[in-house]
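Given next are the chains, with one letter for each unit.
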Amino acid sequence: MAEEKQKIDLSMYGVAEIIKWCITRNNGRIPGCDTAVFKALQAAVAERPTTGDYYTLDQFYKTRKVFEFTQGEVAVVDRCLYDLPNFDGAQLPQIRYKFWPATVCQN
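Keep in mind the model is a prediction, meaning the values are calculated, not measured.

Asker: Before we move on, could you go through helix 4 (residues 71-88) and cite the residues and values that matter?
Answerer: Along its 18 residues, helix 4 runs 26 Å from first to last C-alpha, staying within 8% of the 26 Å computed at 1.5 Å per residue. The sharpest bend along helix 4 measures roughly 30° and falls at C80. Considered for burial, the residues of helix 4 that qualify are E73, V74, V76, V77, D78, C80, L81, Y82, L84 and P85. Phi turns positive one or two residues past the end of helix 4, at G89, with a value near 70°.

The following block contains the structure:
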């Protein structure tokens, strides 16, 4: 039986933050960032316009897309957003309050 998926509506700003913390800054410390939803997130960010025009980029990052996350993938994103900054001594990303839906938040 397939695992139940949860549809989450994210802005491209939020997608970029998830990619930053789960893929770029992760360095393999938290496993599970190679699933289909992470590949879809990376593909969505790759659609970014190549122009340096602020307005065009801002409009792109304000667009919203719906992604289907399993509970395990949601847990991986939560771990990446909270454990990695703590490992690095960095400030927690603001994605939880700005981009990640409140209904997903466990705490």
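There's more to say after this.
Asker: Before we move on, can you summarise the pattern of salt bridges with the specific residues and values?
Answerer: Opposite charge on two side chains allows them to pair when their charged atoms are near. On inspection of all chains with the given rule, the structure shows five salt bridges. In this structure, E68 and K7 form a salt bridge, with 3.8 Å as the shortest nitrogen-oxygen distance. Taken together, the residues span a long stretch of sequence, with E68 in strand 2 (residues 64-70) and K7 in strand 1 (residues 5-11) at a distance of 61 residues. In this structure E68 comes out as partly exposed when scored by relative accessible area, which is 39%. The class of K7 is exposed, set by a relative accessible area of 61%. Ionic pairing is found between D58 and K62, a salt bridge with its closest N-O pair at 3.0 Å. Here D58 pairs with K62, and both are found in helix 3 (residues 54-62), just four residues apart, close to one helical turn.

Reading guide: rules and limits
- Sequence order as written defines residue numbering, which begins from 1 separately in each chain.
- pLDDT decides what is reported in this predicted model: residues at 70 or higher carry local features, side-chain atom pairs at 80 or more are listed and counted, and totals for whole chains, interfaces and linings draw on all residues regardless.
- Note: side-chain values were computed over all heavy atoms of the structure, leaving out hydrogens and water.
- Numbering of helices and strands starts at the N terminus; helices are DSSP runs of H or I of at least 4 residues and strands are runs of E of at least 2.
- What a helix should span is 1.5 Å times the count of its residues minus one.
- Fitting one axis to the seven residues ending at a residue and another to the seven starting there, the bend at that residue is the angle between the two axes.
- Here the term buried applies to any residue with accessible area under 20% of the maximum for its type, exposed to any over 50%, and partly exposed to those in between, with areas from a 1.4 Å probe on protein chains only.
- Any carboxyl oxygen of Asp or Glu that lies within 4 Å of a side-chain nitrogen of Lys or Arg is treated as forming a salt bridge with it.

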